[in-house]
Amino acid sequence: MTKSNQEESNSSIPYKIEIVFENSFRFTTSQDVNYKLSFYPFNSIIGFVNNQIPCFSFDFEPDKKTNSKNARIGKTIISLIIDFFKNNDAVLFYLCNPDGKQHVRNYLFNKWYDSNNGDNFFIKEDAILTIDETNRYYFSIIFRKDSKNAKVIIESFKSSINELVDKP
Amino acid sequence: MKKAIKIEIKPENKKAVAFIEKIIADKKAIRRFLSSGDNYDEIKSRGIKFVNPL
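What counts, and at which threshold
Residues numbered from 1 in each chain as written. Chains lettered and ligands numbered in written order. Predicted model: local features only at pLDDT ≥ 70, side-chain atom pairs only at ≥ 80, totals over all residues. Helix = DSSP H or I, 4+ residues; strand = E, 2+ residues; numbered from the N terminus. Buried ≥ 20, exposed ≤ 12 C-beta atoms within 10 Å, placed from the backbone. Contact = placed C-beta atoms within 7 Å. Core = buried A, V, L, I, M, F, W, Y, C linked by C-beta atoms within 7 Å. Expected span 1.5 Å × (residues − 1).

Participant: Any chance you could explain the overall build of chain A here in plain terms?
Facilitator: A tally of helices and strands in chain A yields 5 helices and 7 strands. When its helices and strands are written in sequence order, chain A yields α-β-β-β-β-α-β-α-α-β-β-α. The 168 residues of chain A split such that 30% are buried. For chain A, the proportion of contacts with a sequence separation of at least 24, taken over those separated by at least 6, is 62%.

Participant: Got a minute to help me understand the nonpolar core in this structure?
Facilitator: Most often, soluble globular proteins keep nonpolar side chains buried together rather than apart. All names here are of chain A. Judged by nonpolar contacts, the single largest core of 41 residues is most densely connected at Phe56, Val91, Leu92, Phe93 and Ile141. Considering every element that reaches this core, the biggest residue donor is helix H2 (residues 71-87), with 6 residues. With residues up to four places along the chain from it excluded, the contact list for phenylalanine 56 reads Phe39, Tyr40, Pro41, Phe42, Asn88, Ala90 and Leu92.

Participant: I would appreciate a short explanation of H2 of chain A in the present structure.
Facilitator: Helical geometry: 3.6 residues make up each α-helical turn, so side chains three or four residues apart lie on a common side. Relative to the 24 Å expected for 17 residues at 1.5 Å per residue, H2 of chain A spans 25 Å between its end C-alpha atoms, a close match to the ideal helical length. Inspection of H2 of chain A places Ile73, Gly74, Thr76, Ile77, Ile78, Leu80, Ile81 and Phe84 of chain A among the buried residues, and these make up the whole buried set.

Below, the structure written as structure tokens:
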């Protein structure tokens, strides 16, 4: 990494965000990598979380390989999540894309979350579901810290997990 | 960093395997829909309620 790139990636300022359409955003890094992030309704987990609470998920993707150490990328993504929760008292479901590198994605997302004080804004409950060595899934539910549904969300998340685990 | 809840399931736990497989398939379909918009019928058939943003 060049000195200027290093300074750039250490910057605490999120990248400029462009709205593509409702709940879908784009930003371009200084290395000219385009990221797209979309939030979308995700009813597949209704029942797992709670029938009455709006469920969304989100995905983000760069259009080319990029330097994951660039702190501004994480800052921008976390700022988009914070903005999402300003308008939605919902549950956000995050699943690390299971492409064989999900443990790296999980580590990186947690690092972004921690280094951008995610705990100040929302609650993140993480789970790792393992079927065998090659089938391991990292997922989280995220919701506003001040959500009026916080207690119900946590209780139903934990009880649904208990439903899933192998019974003796 | 808070510790994640660890869920270990056996492949024969059909309910849990079906749960995660459905989520992965739904997310894959949604990702394709968001990038190309060419599988709206698949989205509908999966029961995903989605307002077409494209």
